[in-house]
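# Per-entry structural report
The residues making up each chain are set out below.
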Amino acid sequence: MARCVVTGGAGFIGSHLTERLLRDGHQVTVLDNLSTGRRENLRGLESHPHLRFVNGSITDPLALSEAVQGSEVIYHLAAAVGVKLVAEDPVRTIETNIYPTENLLRLAVQGGQRFYLASTSEVYGKNPKAEWNEDDDLQFGPTSRPRWAYGCSKAIDEFLARAYHRKYGLPVVIGRFFNVVGPRQVGNYGMVIPRFVDQALKGGPLTVYDDGSQVRCFAHVQEVVDCVIRLMHTEAALGGIFNIGSDQPVSMRQLAEEVIRRVDPAVRIDLIPYQQAYGDDFEDVSRRVPDVSRLERVIGQKPRMPLGELLDDIIRAKRLNAGHAAN
Ligand code: UDP
């Protein structure tokens, strides 16, 4: 049994991680200010004897130090996330993603915690390689385009975490998430699968941006959480950076067609220009596929769930939720 802290534990990935840690018999303190996280993500766990929920912000140094006091493991997932949110509020992105991470790393050096830093595939920017491995260059666009603030801010987090590892021996693992999806993810912050599924369930149309040739790989949150926990139990992973995601590419057009086929074949697709979706100064990443061989080599596994199975799970959860909401 370990005493764990999950920042952002009421968020989409954080809540699945919290649930899993509790199931494995650990004690969990969740620190979340419910800005993009939701209490209902922890539904059913409120009265769990090993869960402590702290409604506070990682930007509040006192809340941070109180939350981590006496813990052994820190999973730092809290961040300003979602391309849409980030494009709309770059100040919040930078303030939430940089200073609190540094603060938390310092606390971990003092408190002796093992540290997981949630990073993102956004750090590769728009690198044109077909598959990205962890040693590839970061290629951001200009600072006049707010999208890159997100990747840049998480890249600074990575530099900080690596620096604390080298200078103070902090046992840290850095995981770069690639398009993690699953039940409880919401479309409000731009994420494509919950948006497509919601749109299809309402009878459409599905809003595919640009010409829909953009490519992504989608990994199920439960498989991702499993990889995170394994990494944290693997000595060889300490100090390392890992891509965590599926390596099965799909275009947004194909994705929309898959959703439509499963929900209602009568639903149409609308092609929407980026400008209309995100405003004038937006730039998309045309292809994002991870090389996950390092992950597989170090922990002997990688996310494998096929897209169809993943979509079925999300559609089932959305229907169930709609049923709950209607009752
Ligand atoms: N996308 C889309 N329609 C939507 C939302 C997103 O076509 O309603 C596209 C978006 O332009 C991007 C891809 O889907 O190319 C994945 O978007 P998401 O925001 O989920 O993730 P990210 O851009 O961070 O990979």
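Residues numbered from 1 in each chain as written. Predicted model: local features only at pLDDT ≥ 70, side-chain atom pairs only at ≥ 80, totals over all residues. Heavy atoms only, no water.

## A closer look at the nonpolar core
With 38 residues, the main nonpolar core has Tyr75, Tyr116, Phe177 and Ile244 as its most contacted residues. Take this core: its biggest share by element is eight residues, from helix H8 (residues 221-232). (Core = buried A, V, L, I, M, F, W, Y, C linked by side-chain atoms within 4.5 Å. Buried < 20%, exposed > 50% of the residue type's maximum accessible area, 1.4 Å probe, protein only. Helix = DSSP H or I, 4+ residues; strand = E, 2+ residues; numbered from the N terminus.)

## Looking at helix H7 (residues 192-201)
By the burial criterion, the buried members of H7 are Ile193, Pro194, Phe196, Val197, Gln199 and Ala200. In the stretch just after H7, Gly203 is the one whose phi turns positive, near 95°.

## Some remarks on the pairing of strand E5 (residues 114-120)
Regular strands place their side chains on alternate faces of the sheet. Counting buried residues in E5 gives six out of seven residues, a clear majority hidden from the surface. Sheet topology note: the strand E4 (residues 73-76)/E5 ladder contains four bridges and is parallel. Residue Ile74 lies in a different strand from E5, and its bridge partner there is Phe115. In terms of strand pairing, E5 meets strand E6 (residues 172-177) through six bridges, oriented parallel. (Pairing = 2+ DSSP bridges.)

## Regarding the side chain of Ser119
The topology assignment puts Ser119 in strand E5. Within the structure, the side chain of Ser119 is placed 2.6 Å from the side chain of Glu158, a separation counted as a polar contact. If we skip the residues at most four places from it in the chain, Ser119 touches Lys154, Glu158, Ile174, Gly175, Arg176 and Phe177. (Polar contact = N/O pair within 3.5 Å; in protein donor to acceptor, adjacent residues only side chain to side chain. Contact = heavy atoms within 4.5 Å.)

## So, unusual backbone geometry
Of the consecutive residues Gly204 and Pro205, the connecting peptide bond is found in the cis state with omega at 0°. Here Pro205 is to be found in the loop between H7 and strand E8 (206-209). With phi around 60°, Leu34 is a residue other than glycine that occupies positive phi space. Mapped onto the elements, Leu34 comes out in the loop between strand E2 (27-32) and strand E3 (51-55). Phi is positive for Asp210, close to 55°, though the residue is something other than glycine. In this fold, Asp210 is placed in the loop between E8 and strand E9 (215-217).

## Some thoughts on the pairing of strand E1 (residues 3-7)
Of all five residues in E1, four are buried, a share of seventy percent or more. Here five bridges tie E1 to E2, and the two strands are oriented parallel to one another. Within E2, the position partnered with Arg3 by the bridge is Gln27. The handedness of the E1 to E2 crossover, carried by helix H1 (residues 12-23), is right-handed. Across four bridges, E1 lies against E4 in parallel orientation. By the bridge assignment, Thr7 is partnered in E4 with His76. (Right-handed = clockwise from strand over helix to strand, strands pointing away.)

## Digging into helix H2 (residues 61-68)
Every buried residue belonging to H2 is among Ala63, Leu64, Ala67 and Val68, and all of these are buried. Buried residues along H2 cover an arc of 115° about the axis, so they all sit on one side. Those residues of H2 that are exposed and aimed more than 90 degrees away from the buried face are Leu62 and Glu66. Where H2 is buried, its residues meet E1, E2, E3, E4 and helix H5 (99-111). Its side-chain oxygen 3.0 Å from the backbone nitrogen of Leu62, Asp60 forms the N-cap of H2. Two residues or fewer past H2, Gly70 is found with a positive phi of approximately 80°. (Arc of directions from axis to C-beta.)

## As for the pattern of salt bridges
Following the criterion strictly, the structure yields 27 salt bridges and no others. Ionic pairing is found between Lys129 and Asp136, a salt bridge with its closest N-O pair at 2.9 Å. For Lys129, a relative accessible area of 36% gives the class partly exposed. Residues joined by salt bridges that share partners form a network here, namely Glu122, Arg147, Arg216, Asp284 and Arg288. (Salt bridge = Lys/Arg side-chain N within 4 Å of Asp/Glu carboxyl O.)

## Digging into the sheet that holds strand E11 (residues 241-244)
Here seven strands make up an open sheet; going across it, the order is E3-E2-E1-E4-E5-E6-E11 and the pairing parallel. Every other strand in the sheet has two partners, leaving E3 and E11 as the edge strands with one partner each. Going across the sheet, the axis of each strand differs from the next one's by a mean of 20°, ignoring polarity. The sheet contacts of H2 involve E1, E2, E3 and E4, and relative to E2 the element is tilted by about 170°. (Axes fitted to C-alpha atoms, helices over the stretch in contact; angles between N-to-C directions.)

## Description of the environment of Ala236
Relative to the elements of secondary structure, Ala236 occurs in the loop between H8 and E11. A sequence separation of 63 residues divides Ala236 from Ile299, and the C-alpha atoms of the two residues are 9.0 Å apart.

## A few points about the packing of H7 against helix H9 (residues 252-263)
The geometry of H7 relative to H9 is characterised by a closest axis approach of 10 Å and an angle of 40° between their N-to-C directions. One way to sum up the angle between H7 and H9 is to call them oblique. Crossing of H7 over H9 shows right-handed handedness. In contact with Val192, Ile193, Phe196, Val197, Ala200 and Leu201 of H7, H9 contributes Met252, Leu255, Ala256, Val259 and Val263. Taken together, the residues that form the contact of H7 with H9 break down as 11 nonpolar, no polar and no charged. (Parallel < 35°, antiparallel > 145°, perpendicular 65-115°, else oblique. Left-handed = near helix turned anticlockwise from the far one by under 90°. Nonpolar A, V, L, I, M, F, W, Y, C, P; charged D, E, K, R; others polar.)

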